[in-house]
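One letter stands for each residue in the lines below.
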Amino acid sequence: MQGSVIVASSPTTVTTSIVQTDGLGGTEVEKIDKAQVIRTNIDPHDIMIKWVGYCEANNYTCKLDGNNAVLMNKGSTFTCKRIN
């Protein structure tokens, strides 16, 4: 996942996670997470998280969380590739 985020105040600890889920409101299994501290709320900040592992036939998504408000900007991407 590669994206751009804006935070409401600084410093803000932003945690980006890749999760396997069985649907909206369903069970989530966290595959990896990455925390980083954003020290300014003036400009957007680039974030990136990568994970290589076995993917069962299921739904995968990226989750953002922070100790202050975090907003992902347009143009952020999530890519899943199958390697055989």
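Preceding this section is the structure that the text describes.
Throughout this description, residue numbers start from 1 for each chain and increase along the sequence as written. Local features are withheld for residues below a pLDDT of 70 in this predicted model, meaning they are given only at 70 or higher, and side-chain atom pairs are given and counted only at 80 or more; totals for whole chains, interfaces and linings count all residues. Each side-chain value is worked out from all heavy atoms of the structure, with water and hydrogens disregarded.

### Re the sheet that holds strand β6 (residues 70-72)
One key point about sheets: their strands pair by backbone hydrogen bonds, in either a parallel or an antiparallel sense. By definition, two strands form a pair when at least two bridges between them are found by DSSP. Helix numbers and strand numbers start at the N terminus; a helix is a DSSP run of H or I with at least 4 residues, a strand a run of E with at least 2. Spatial strand order, β4-β1-β6: three strands in an open sheet with antiparallel pairing. The strands lining the two open edges of the sheet, one partner per strand, are β4 (45-48) and β6. Adjacent strand axes in the sheet meet at a mean angle of 40° when their direction is disregarded. Sheet topology places strand β1 (residues 2-7) next to β4; four bridges connect them, and they run antiparallel. Residue Gly3 lies in a different strand from β4, and its bridge partner there is Ile47. Between the N-to-C directions of two axes lies an angle of 0 to 180 degrees, each axis being a line fitted to C-alpha atoms and, for a helix, fitted only over the stretch in contact.

### Remarks on the side chain of Gln20
Turning to its location among the elements, Gln20 is positioned in strand β2 (residues 12-21). Think of it in three bands: with a 1.4 Å probe and only protein chains considered, a residue is buried below 20% of the maximum accessible area for its type, exposed above 50%, and partly exposed in between. Owing to a relative accessible area of 8%, Gln20 belongs among the buried residues under this scheme. Between N or O atoms, a polar contact is any pair within 3.5 Å; within protein, one atom must be a potential hydrogen donor and the other a potential acceptor, and residues adjacent in sequence are included only when both atoms are from side chains. Engagement of the side chain of Gln20 in a polar contact is seen with the side chain of Lys31, the distance being 3.2 Å. Here Tyr60 takes part through its side chain, which lies 3.4 Å from a polar atom of the side chain of Gln20.

### Structural notes on the sheet that holds β2
Pairing is antiparallel in the open sheet, where three strands are placed in the order β3-β2-β5. Every interior strand has two partners, whereas the edge strands, β3 (28-38) and β5 (59-66), have only one. Each strand of the sheet is rotated relative to its neighbour by a mean of 15°, with strand direction disregarded. Sheet topology places β2 next to β3; 10 bridges connect them, and they run antiparallel. Paired with Gln20 across the bridge in β3 is Val29.

### Considering the pattern of salt bridges
When a carboxyl oxygen of Asp or Glu is within 4 Å of a side-chain nitrogen of Lys or Arg, the pair counts as a salt bridge. Counted according to the given criterion, the structure contains one salt bridge. The salt bridge partner of Glu28 is Lys63, with a shortest N-O separation of 2.9 Å. Linking Glu28 in strand β3 with Lys63 in strand β5, this pair joins segments that are 35 residues apart in sequence. Exposure remark for Glu28: the relative accessible area of 41% places this residue in the partly exposed category. A relative accessible area of 38% places Lys63 in the partly exposed class.

### A closer look at the environment of Lys74
Mapped onto the fold, Lys74 is located in the segment after β6. The exposed category is assigned to Lys74, whose relative accessible area is 86%. As for Lys74 and Glu28, which are separated by 46 residues in sequence, their C-alpha atoms are 25 Å apart.

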